[in-house]
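# Results of the structural survey
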Amino acid sequence: MLDRLSDRLNNVVRSVSGKSRITEQNIADAVEEIKVALLEADVNLKVVRRFVSRTVREASGESVLRSVSPGQQFVKVVYDKLVEFLGDERQDLALRGPDVPSVILFAGLQGSGKTTSAAKLALRLKKEGRRPLLVAADLVRPAAVDQLQQLGERIGIPVEAIPGSKDPKAVVKAGLARAKKEQLNVVIIDTAGRMQVDEALMEEIRQVSALAKPDERILVADAMTGQNAVEVARAFHESVDLTGVILSKFDSDTRGGAALSIKTIAGTPIKFIGTGEGVEDLEPFYPERIASRILGMGDVVSLVEKAQETIGADDAERLQKKIRSATFTLEDYLEQFQRVRKMGSVQSLLEMIPGMKGNIDPDQLDMDQMKREEAIILSMTREERHNHRIIGMSRRKRIAAGSGSSVFEVGQLIKRFDKMRAMMKKVSKNKKYQSQLMAQMGHR
Ligand SMILES: Nc1nc2c(ncn2[C@@H]2O[C@H](COP(=O)(O)OP(=O)(O)OP(=O)(O)O)[C@@H](O)[C@H]2O)c(=O)[nH]1
Ligand SMILES: [Mg+2]
């Protein structure tokens, strides 16, 4: 999903971000292209309009046009708006503590993926250490109870069902009672779907909801139905005050506009996406990750990161000087780790080293090694960080004990740092040492 949109936006972003100067006209052109791409991706028209007007407003400001890197700043504005429309922050489930059972109600149209998603979520919560109970309250479709029971068996989760019952409320009551008795702490209720949003469906959901008092009222919406999914979400939200949406069939080959429209149009966040038919195929919905994906990972995201960089030009200058003169200390090194962690990539650090703008794949860095090294440096005194040469045997022992590592590891770090520092200096004068530096930095 979202591939075509991603391709198109990627092109726009590439053409704009390469420019060292941009004009209001450049922005207007780029925004126009983005607008067309969004409409083609089936994003709701209202959302597109809002997106365009906000992007133009922010991107036309002094801060973008007059900035050192207007192209990158523009990309950052587009990225931020995408994240905003996707729902800002990741929204987790609001469940109660382990001793009070939480209730999650599933609703949705026929075939949207309610039953499958209920089982997927139950499995997920079980893995997080909760004890779920599935409740078969879809008594409309004859095989529905069977389907849930089979799923429950497959994932090892109990299912409450009353064979032959026609009263969903009775099953829900029985489920709640059983959860209490057996100390099951998440009750997940699967309900019946209808072909379309109608009064009977809404009434049933309202009644079940009034009885079960769910902590989470989740709509399962089928991404394949595009804008219809958005309208369905709006109708359900008005009727039962949804707390979230699971957008199912996100793995399908649809244009993906629904994902971008639901939060704004229906007013309720997407909490998970369904990514396949298997019981494991449920993923938390991260607006930032989806936005990165839409704009194209790699290149574009690092541009955004760069624009986001908290480090000022002065800091960069200072760091470069230190690198060239090999007065880069462990303290500086530590600071870089923290920056790398914040931005999730090592790109920024590498780009500070003069002559180091290569094609670096941040995924290839050994983050575990970084973590270990960070712990070691954190166990050093200020003095030691500023001058690692003073770190003799007894200091090594203390640092090793403090960081839960061995004396050998401390020694290794110091050796590596020394080599890296020398190499950085060389690289800043001559590019051909790049690969050696990468090896020093734990690049696999
Ligand atoms: N590819 C894919 N298929 C899915 C996903 N979620 C559900 N399905 C499939 O969609 C179909 C319908 O899923 P159900 O869970 O039975 O849907 P439902 O909403 O419970 O349907 P009714 O009970 O009939 O209203 C099944 O074939 C599922 O395997 C998903 O995320 N990806
Ligand atoms: Mg079902």
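Residues numbered from 1 in each chain as written. Chains lettered and ligands numbered in written order. Predicted model: local features only at pLDDT ≥ 70, side-chain atom pairs only at ≥ 80, totals over all residues. Heavy atoms only, no water.

Another aspect to go through is the overall build of the chain. Looking only at helices and strands, the chain features 21 helices and eight strands. Considering the chain as a whole, with its 444 residues, one finds that 53% of them fall into the buried category. Long-range contacts, defined as pairs at least 24 residues apart, comprise 74% of the intrachain contacts of the chain with a sequence gap of at least 6. On the chain, roughly 20,900 Å² of surface is accessible, and the fraction owed to carbon and sulfur atoms is 48%. (Helix = DSSP H or I, 4+ residues; strand = E, 2+ residues; numbered from the N terminus. Buried < 20%, exposed > 50% of the residue type's maximum accessible area, 1.4 Å probe, protein only. Contact = heavy atoms within 4.5 Å. Areas by Shrake-Rupley, 256 points an atom, 1.4 Å probe, with all protein chains shown as cover.)

Phi at Asp42 takes a positive value of approximately 75°, unusual for a residue other than glycine. Along the chain, Asp42 turns up in the loop between α2 (24-40) and α3 (45-59). Taking relative accessible area as the criterion, Asp42 reaches 17% and is therefore assigned buried. Even without a glycine there, the phi angle at Asp88 is positive, about 65°. Considering the arrangement of structural elements, one finds Asp88 in the loop between α5 (70-86) and β1 (102-107).

So, about the packing of helix α1 (residues 3-17) against α5. Running from N to C, α1 and α5 point in directions that differ by 150°, and their axes come no closer than 8 Å. Relative to α5, the element α1 lies roughly antiparallel. For the pair α1 and α5, contact is made by Leu9, Val13, Val16 and Ser17 and by Gly71, Gln72, Phe74, Val75 and Leu82, respectively. By residue class, the composition of the contact of α1 with α5 is six nonpolar, three polar and no charged. (Axes fitted to C-alpha atoms, helices over the stretch in contact; angles between N-to-C directions. Parallel < 35°, antiparallel > 145°, perpendicular 65-115°, else oblique. Nonpolar A, V, L, I, M, F, W, Y, C, P; charged D, E, K, R; others polar.)

Right, let's talk about α5 for a bit. One turn of the α-helix equals 3.6 residues, which is why residues spaced by three or four share an orientation. Under the 1.5 Å per step criterion, the end-to-end length of α5 is 24 Å for 17 residues, consistent within 8% with the ideal 24 Å. For α5, a buried count of 14 out of 17 residues is recorded, marking the element as mostly surrounded by other parts of the structure. Looking one or two residues past α5, Gly87 carries a phi angle of roughly 125°, positive in sign. (Expected span 1.5 Å × (residues − 1).)

Counting 101 residues, the largest nonpolar core has Phe74, Ile189 and Phe236 as the members making the most contacts within it. For this core, the leading source of residues is α5, giving nine residues. Of the residues that make up this core, three or more belong to each of domain 1 (3-89) and domain 2 (102-285). The contact partners of Phe236, leaving out residues within four places of it in the chain, are Ala107, Gly108, Leu109, Val197, Leu201, Met202, Ile205, Leu219, Asp241 and Leu242. Counting 19 residues, the second-largest nonpolar core is a separate cluster that includes Tyr333, Leu334, Met370 and Ile377. (Core = buried A, V, L, I, M, F, W, Y, C linked by side-chain atoms within 4.5 Å. Domains from an automatic or database assignment.)

Our focus in this paragraph is the site of ligand 1. Taken together, 20 residues surround ligand 1, and among them Lys114, Thr115, Thr116, Asp251 and Glu277 come closest. Within the backbone of Ser112, an N or O atom sits 3.1 Å from an oxygen atom of ligand 1. At 2.8 Å, a side-chain N or O of Arg141 approaches an oxygen atom of ligand 1. Contact with the protein chains covers 82% of the free accessible surface of ligand 1, which is 650 Å². Counting residues per element, the shell around ligand 1 draws most heavily on helix α6 (residues 114-127), which supplies four residues. Residues that form the shell around ligand 1 fall into these classes: one nonpolar, twelve polar and seven charged. (Near = heavy atom within 4 Å. Polar contact = N/O pair within 3.5 Å; in protein donor to acceptor, adjacent residues only side chain to side chain.)

So, about the sheet that holds strand β4 (residues 186-191). With mixed pairing, eight strands are arranged side by side in an open sheet as β3-β2-β4-β1-β5-β6-β7-β8. At either end of the open sheet lies a strand with only one pairing partner, and these are β3 (159-160) and β8 (282-284). In this sheet, β3 lies alongside strand β2 (residues 132-137) in parallel orientation, the contact comprising two bridges. Looking across to β3, one finds that Val135 is bridged to Glu160. (Pairing = 2+ DSSP bridges.)

Turning our attention to the pairing of strand β5 (residues 216-222). Consecutive side chains of a regular strand alternate in pointing toward one face of the sheet and then the other. Burial of β5 is extensive: seven of the seven residues sit out of reach of the surface. Where β1 meets β5, four bridges bridge the pair, whose relative direction is parallel. Among the inter-strand pairings, Ile104 is bridged to a residue of β5, identified as Glu216. Pairing between β5 and strand β6 (residues 244-248): five bridges, direction parallel. Bridge pairing in β6 links Val220 to Ile246. For the segment spanning β5, helix α10 (residues 227-240) and β6, crossover handedness is right-handed. (Right-handed = clockwise from strand over helix to strand, strands pointing away.)

Moving on, we get to the UniProt feature "domain: SRP54-type proteins GTP-binding" (unreviewed entry) in the chain. The sites that carry the UniProt feature "domain: SRP54-type proteins GTP-binding" (unreviewed entry) are, in the present numbering, residues 269-282. End C-alpha to end C-alpha, residues 269-282 measures 16 Å, and it is 0% helix and 43% strand. (UniProt positions renumbered as here; feature names shortened; annotations may be inferred.)

On inspection of all chains with the given rule, the structure shows three aromatic pairs. Note on Phe51 and Phe85: the rings are 5.7 Å apart at their centroids and 50° apart in plane angle, and the pair reads as tilted. Pair noted here: Phe51 is in helix α3 and Phe85 is in helix α5, with a separation of 34 residues, a long-range link. Comparing Phe51 with Phe85, the two get one shared label, buried. On the basis of an interplanar angle of 25° and a centroid distance of 6.2 Å, the ring pair of Phe328 and Phe417 is categorised as stacked. (Phe/Tyr/Trp six-rings, centres within 6.5 Å; stacked < 30°, edge-to-face > 60°.)

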